[in-house]
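Here are the chains, one letter per residue:
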Amino acid sequence: MEKYLLPTYNRTSVSFVKGDGIWLEAEDGSKYLDIGSGIAVNILGHCNRELVSALTDQAQELWHTSNLYRVTKQEKLAETLIFNTFADMAFFTNSGSEAIECAIKMARKFHSHNQDNRHEIISFDGSFHGRTFGAISTSNAQKIIEGFGPLLPGCKSIDLKDKDLIIDAITAKTAAVIIEPIQGEGGIKVIPDDSLQLLRNICDELGVLLIFDEVQCGLGRTGRLFAHEWTGIYPDIMTTAKGIGGGFPLGACLATHKAAEGMGIGSHGSTYGGNPLACAVGCEVLNQVLSKDFLPNVRKISGYFSQKLCGLVSNHPSVFQEVRGTGLMLGLKTRLKNQLVVDEAFKNGLLVIPASENVVRILPPLNITEAEVDLAIELLDKTAEGIKS
Ligand SMILES: Cc1ncc(COP(=O)(O)O)c(C=O)c1O
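Keep in mind the model is a prediction, meaning the values are calculated, not measured.

Calculation criteria
Residues numbered from 1 in each chain as written. Predicted model: local features only at pLDDT ≥ 70, side-chain atom pairs only at ≥ 80, totals over all residues. Heavy atoms only, no water. Helix = DSSP H or I, 4+ residues; strand = E, 2+ residues; numbered from the N terminus. Rg over C-alpha atoms; globule rule 2.2 N^0.38 Å. Buried < 20%, exposed > 50% of the residue type's maximum accessible area, 1.4 Å probe, protein only. Near = heavy atom within 4 Å. Polar contact = N/O pair within 3.5 Å; in protein donor to acceptor, adjacent residues only side chain to side chain. Areas by Shrake-Rupley, 256 points an atom, 1.4 Å probe, with all protein chains shown as cover. Nonpolar A, V, L, I, M, F, W, Y, C, P; charged D, E, K, R; others polar. Core = buried A, V, L, I, M, F, W, Y, C linked by side-chain atoms within 4.5 Å. Domains from an automatic or database assignment. Contact = heavy atoms within 4.5 Å. Pairing = 2+ DSSP bridges. Axes fitted to C-alpha atoms, helices over the stretch in contact; angles between N-to-C directions. Salt bridge = Lys/Arg side-chain N within 4 Å of Asp/Glu carboxyl O. Buried area = accessible area lost by both parts, 1.4 Å probe.

Trainee: I tried to follow the overall build of the protein chain on my own but got confused; where do I start?
Mentor: In terms of helices and strands, the protein chain carries 12 helices and 17 strands. For the protein chain, the C-alpha radius of gyration of 21 Å lies close to 21 Å, the compact-globule estimate for 389 residues. Summarising its shape, the C-alpha atoms of the protein chain cover approximately 65 × 55 × 45 Å along the three principal directions. Relative to its 389 residues, the protein chain shows a buried fraction of 51%.

Trainee: Honestly, the site of the ligand in this entry has me stumped. Any pointers?
Mentor: Close to the ligand lie S95, G96, S97, F128, H129, G130, E180, E185, D213, V215, Q216 and K242, which account for all nearby residues. Note that an oxygen atom of the ligand is positioned 2.5 Å from one of the side-chain N or O atoms of S97. F128 places a polar main-chain atom, nitrogen or oxygen, 3.4 Å from a nitrogen atom of the ligand. In the complex, 82% of the free accessible area of the ligand, which totals 380 Å², lies under the protein chains. Of the residues assigned to the shell around the ligand, the class counts are two nonpolar, six polar and four charged.

Trainee: Looking at this model, I keep getting lost on the nonpolar core. Mind explaining?
Mentor: Soluble, globular proteins show a tendency: their nonpolar side chains are buried together. Within the largest apolar cluster, 75 residues are counted, with the highest numbers of intra-cluster contacts made by I35 and F305. Counting residues per element, this core draws most heavily on helix α10 (residues 294-315), which supplies nine residues. Both of domain 1 (2-34 + 293-388) and domain 2 (50-289) provide at least three residues apiece to this core. Look past the residues within four positions of I35 in its chain and what remains in contact with it is I22, F305, L350, L351, V352, R361, I362, L363, P364, I368 and A376. Membership of the second largest hydrophobic core comes to 19 residues, among which are F110, A176, I237 and A255.

Trainee: Hey, could you run me through the sheet that holds strand β3 (residues 31-34) in this one?
Mentor: Backbone hydrogen bonds hold the strands of a sheet together, and the pairing may be parallel or antiparallel. Read across the sheet, four strands follow the order β1-β2-β3-β15 without closing on themselves; strand pairing throughout is mixed. What marks the edges here is a single partner per strand, and that holds for β1 (16-20) and β15 (350-351). Pairing between β3 and β15: two bridges, direction parallel. From the neighbouring strand, D34 faces β15, where its bridge partner is L351. Set on the sheet, helix α12 (residues 370-388) makes contact with β2 (23-26), β3 and β15; between it and β3 the angle comes to about 105°.

Trainee: When you look at the pattern of salt bridges in this model, what are you seeing that I'm missing?
Mentor: Side chains bearing opposite charge may pair, as long as their charged atoms lie close to each other. Summed over the entire model, instances satisfying the criterion amount to 13 salt bridges. Here R224 ties to E229 by a salt bridge, and the two come within 3.7 Å at their closest N and O atoms. Residue classification places E229 among the buried residues on the basis of a relative accessible area of 15%. One salt bridge connects R324 with E357, and the closest N-O pair in it is separated by 3.0 Å. Linking R324 in strand β13 (residues 320-326) with E357 in the loop between β16 (353-355) and β17 (359-362), this pair joins segments that are 33 residues apart in sequence.

Trainee: For this particular structure, what's the right way to read the domain arrangement of the protein chain?
Mentor: You'll often see interface size given as the accessible area lost when the parts meet. Per the domain assignment, the segments of the protein chain are domain 1 (2-34 + 293-388) and domain 2 (50-289). Its C-alpha centre places domain 1 at a distance of 27 Å from the equivalent point of domain 2. Each side of the interface is counted separately: domain 1 has 20 residues, and domain 2 has 21 residues. For the pair domain 1 and domain 2, the summed buried area comes to about 1700 Å², and 61% of that belongs to carbon and sulfur atoms.

Trainee: Hey, could you run me through the sheet that holds strand β4 (residues 89-93) in this one?
Mentor: The sheet built from seven strands is open, its strands ordered β4-β12-β11-β10-β7-β5-β6 with mixed pairing. Looking at strand neighbours, the two that pair on one side only are β4 and β6 (155-158), the edges of this open sheet. Each adjacent strand pair in this sheet contributes to an overall mean axis angle of 20°, direction not counted. Bridge count for strand β10 (residues 209-213) against strand β11 (residues 237-240) is three bridges, and the pairing is parallel. Directly across from I211, in β11, lies its bridge partner I237. Packed on one face of the sheet, helix α3 (residues 72-83) meets β4 and β12 (251-255) and runs near 125° to β4. Sheet strands in contact with helix α4 (residues 96-113) are β4, β5 (120-124), β7 (174-179), β10, β11 and β12, and its direction is about 165° off that of β11.

If you want it as structure tokens, here you go:
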């Protein structure tokens, strides 16, 4: 009965009924190796036992009270995030886009609070920050913004490779600069450290807030809790979502005390954001991701995976061009239309996700094993052979 749904998605005609670890099972009983994780969401695999317990235990006790009252698990989740990041404060949301809205509002409010009334937001070509109005206003991709104008005033996307343009674009009128340290939808593009450093320096010099969008690249995906930790360059505001809920809708906007200083009582809100169910799951996700061996294992297995992918590219140069990315945020740039690879992989029982620039995204659960990587490589190899024949 798909006809009753708004036709905004070009869905594959499969419906999954069960998940277990890296595996998904379709209605007809066929099994799929899921190395897309519902677009970087199921970081602990499907139906992780401890996550199921955290959710069902909480469901027996209390689902929702609203933010009119204290929510103990929300406070605990905030404390864990604050203890492990640059941030001093958190606001919880139900999605990445809502976290982005909070970040944009916070940046503008900061400047109105400081009475310099700056409102401009600078973003970068190829970036994706979500589908709400604030989020699409930071994009210049026609397919995302077409027909929705006028967008939020004062938003401009520029080319990150053009240093002079960056220096010209960020001025004393700029409220914030927003960037994904690794572009996901844009085609798994790791932003070079010197570009992030340049942005940090300009923002510091001009009193502009720097926002990192780690909705896709954060929560352990690169082998550190957040991707920017590899660079030693820190934002004033950061958004996270996807992996933090492991499949339960949850996001957060994290900020320093200073960046958040305009956000007083009544300045922002959410009925559901950070409710007991979501935060019980979020606490358990962080419990696992921050356990002693978890992130070292992500670093180890990701080295193994990317090495195997490089081998795959050399074996099939007519299908694959290069391996992109870092940690378990990997991409295969294809020489043909990437959807062909996605479709052929699907026929072979493997789920991967397309991105811009003809890239096929590989975003497996972070607890993927070596045997599962080997199987994924085998299926990708079969996929390439299938395409060639
Ligand atoms: C980097 C980034 N920011 C924001 C979003 C929006 O998140 P959501 O779809 O949860 O609103 C996404 C979603 O893909 C994303 O990849």
